[in-house]
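Working through the structure, step by step
Each chain, letter by letter, is given below.
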Amino acid sequence: MGRVSIRDIAAATGYSPATVSNVLNKKGNVGAKASSIILDAVQRMGYHRANQLERVIFAVARVTGRIVDESPFHPGVYAGIERGAKALSLKASMTTLDLTNPSTRKDAVAELAQNANAGVILLATEMTSDDEYALFEDFDLPLVVLDGWSDKLALDCVTIANEPAAYRATTLLAEKGHERIGYVGSRIRIKNFPQRERGFRHVLEDMCLPFDEKNRILVDPSPEQGYLELCAWLDDNPPLPTAFFCDNDLVAAALIRALNAHGIRVPDDVSVMGFDNEQLCQVIQPTLSSVHVPRHKMGEMAVRRLFEQTTDIRLAPCITMLHTTIAQRQSIKRI
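Computed from a predicted model, the values in this text were never measured in an experiment. (Residues numbered from 1 in each chain as written. Predicted model: local features only at pLDDT ≥ 70, side-chain atom pairs only at ≥ 80, totals over all residues. Heavy atoms only, no water.)

This part takes up the sheet that holds strand β4 (residues 143-146). Taken in spatial order, the six strands line up as β2-β1-β3-β4-β5-β11 in an open sheet, and their pairing is parallel. The strands lining the two open edges of the sheet, one partner per strand, are β2 (91-98) and β11 (319-322). Strand-to-strand twist of the sheet, defined as the mean angle between neighbouring strand axes without regard to direction, takes the value 20°. Sheet topology places strand β1 (residues 55-62) next to strand β3 (residues 118-123); six bridges connect them, and they run parallel. Counterpart to V60 in the pairing with β3 is L123. The strands that helix α5 (residues 105-112) touches are β1, β2 and β3; relative to β2, the one it contacts most, it runs at about 170°. (Pairing = 2+ DSSP bridges. Helix = DSSP H or I, 4+ residues; strand = E, 2+ residues; numbered from the N terminus. Axes fitted to C-alpha atoms, helices over the stretch in contact; angles between N-to-C directions. Contact = heavy atoms within 4.5 Å.)

We now examine the packing of helix α4 (residues 73-87) against helix α11 (residues 295-311). Taken N-terminus to C-terminus, the directions of α4 and α11 make an angle of 45°; their axes are 7 Å apart at the nearest point. Our classification of the angle between α4 and α11 gives oblique. Classified by chirality, the crossing of α11 by α4 is right-handed. Residues F73, G76, V77, A79, G80, I81, R83, G84 and A85 of α4 lie in contact with α11, whose contacting residues are R295, H296, M298, G299, E300 and V303. For the contact of α4 with α11, the residue count by class is seven nonpolar, five polar and three charged. (Parallel < 35°, antiparallel > 145°, perpendicular 65-115°, else oblique. Left-handed = near helix turned anticlockwise from the far one by under 90°. Nonpolar A, V, L, I, M, F, W, Y, C, P; charged D, E, K, R; others polar.)

So, about the environment of A166. Within the element layout of this structure, A166 appears in helix α7 (residues 162-175). Assessed through its relative accessible area of 0%, A166 is described here as buried. Once the C-alpha coordinates of A166 and V203 are considered, the two residues, 37 residues apart in sequence, prove to be 8.9 Å apart. (Buried < 20%, exposed > 50% of the residue type's maximum accessible area, 1.4 Å probe, protein only.)

So, about the sheet that holds strand β9 (residues 271-276). If you trace the six strands from one edge of the open sheet to the other, you get β7-β6-β8-β9-β10-β12, paired in mixed fashion. Looking at the sheet topology across the chains shown, the edges are occupied by β7 (216-219) and β12 (325-327). On average, each strand axis in the sheet is tilted by 20° relative to the strand beside it, whichever way the strands run. Along the sheet face, helix α8 (residues 192-206) touches β6 (181-186), β7, β8 (243-246) and β9 and points at about 175° away from the line of β6. Strands β6, β7 and β8 of the sheet are contacted by helix α9 (residues 223-234), whose axis makes an angle of about 145° with β7.

Another point: the pattern of salt bridges. Should their charged atoms come close, side chains of opposite charge can pair. Per the stated rule, a full pass over the model turns up 21 salt bridges. With its nearest N and O atoms 3.9 Å apart, the salt bridge here joins R265 to D268. A relative accessible area of 48% places R265 in the partly exposed class. One salt-bridge network, in which partners are shared between bridges, spans R189, E197, R201, E213, R216 and D247. (Salt bridge = Lys/Arg side-chain N within 4 Å of Asp/Glu carboxyl O.)

Quick look at the environment of C208 now. Take C208: it is sitting in the loop between α8 and β7. For the pair formed by C208 and V42, sequence separation is 166 residues and the distance between their alpha carbons is 57 Å.

Moving on, we get to the nonpolar core. Counting residues in hydrophobic clusters, the biggest one holds 41 residues, and the most contacted among them are V56, F58, I81, I121, L146, F245 and M298. Of all the elements, α7 adds the most residues to this core, at six residues. Beyond its immediate stretch of four places on either side in the chain, I121 contacts V56, I57, F58, A59, I81, V144, L146, G299, A302, V303 and L306. Among the nonpolar cores identified, the runner-up in size contains 25 residues, and A61, V120, L122 and L135 belong to it. (Core = buried A, V, L, I, M, F, W, Y, C linked by side-chain atoms within 4.5 Å.)

Once that is clear, we can look at the side chain of H74. Along the chain, the position of H74 falls in helix α4. When residues no more than four places from it in sequence are discounted, the contact partners of H74 are F58, V60, V68, M94 and L123.

Turning our eyes to something else, we now look at α5. R105, A108, V109 and L112 are the residues of α5 that are buried. The buried residues of α5 occupy one face: seen down the axis, they fall within an arc of 95°. Summarising the geometry of α5, the exposed residues directed more than 90 degrees from the buried face are K106, D107 and E111. Packing partners of the buried residues in α5 comprise β1, β2, β3 and α6 (130-134). (Arc of directions from axis to C-beta.)

Here the focus is α7. Helical geometry: 3.6 residues make up each α-helical turn, so side chains three or four residues apart lie on a common side. Compared with an ideal rise of 1.5 Å per residue, which puts 14 residues at 20 Å, α7 spans 20 Å between its outermost C-alpha atoms and is within 8% of the ideal. Every buried residue belonging to α7 is among N162, A165, A166, A169, T170, T171, L172, L173 and A174, and all of these are buried. Count one or two residues on from α7 and you reach G177, which has phi positive near 100°. (Expected span 1.5 Å × (residues − 1).)

Another aspect to go through is the state of the cysteines. In the structure shown here, the tally under the stated rule is zero disulfides. Here C318 is not disulfide-linked; the sulfur of C157 is the nearest cysteine sulfur, at 8.5 Å. (Disulfide = S-S within 2.5 Å.)

With six of six residues buried, β9 lies mostly within the body of the structure. Taken together, β8, helix α10 (residues 249-261) and β9 form a β-α-β motif whose crossover is right-handed. (Right-handed = clockwise from strand over helix to strand, strands pointing away.)

This is the structure:
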């Protein structure tokens, strides 16, 4: 017998090819009974998708460029993707998906979808709106969203457990005796950052620690501009907390530079906690304590989810959140 087609499944079950296709593509608009009958026939008849997964495309979605252009995060993810792809005998490549122009976004996504026998891991760090995620509602290729998620669409997503990570990092500062803790974040609020701020604030609420809103500082995400803005803030000699939790390592590094420039010693006067555990944490002085994100594992897990989409017809889309650890270095101290 030759390759089983969608029409063969339709003929065997009595449903239309369109209905069979909707079930196979997990559209969610087919009843449970019909879906079960079709999936049973798929397994019994040995149906396999014609476009067998041969390669993985890591598509870095660029909406503004303000975050992904500065961050060294995605090269680490791609290293994990390469490793995961190699383990499954798949090829891997990386590309930039330009979503900066609303009038050409659909064309860019449609062009990406033309890659036959490929699955896409979409780096969605800069994707914040429903309109941006809606571009992938009818995406034809296997798709896993990485470092982002959609509240409206049932997409496979691999992301960071941001709120618990920030909670544990802030708890560590509190356990080291810090009762006045500030927050320094990026003015561009990607979806990760509000979650990290919530985790930070939950610790203060749980431990009944006061928070002065004057110590919530949002700055430009670029290291140099962020540094200048923090210097301008420090020029007014504001009363400082004894520690700061920062949205990411770039912001934390800019803060340490600004504090040093104003004769404020880290960690003797102020402790600083970053997030991401980038390589710069071990280069700046003092070395930066940070939340370690397992970016290699994120990449490997995303590849595994792609592969399972093409081999397990009953696979349910899910949001997978990876836990983090804390790398303690010289930038924090007990008081």
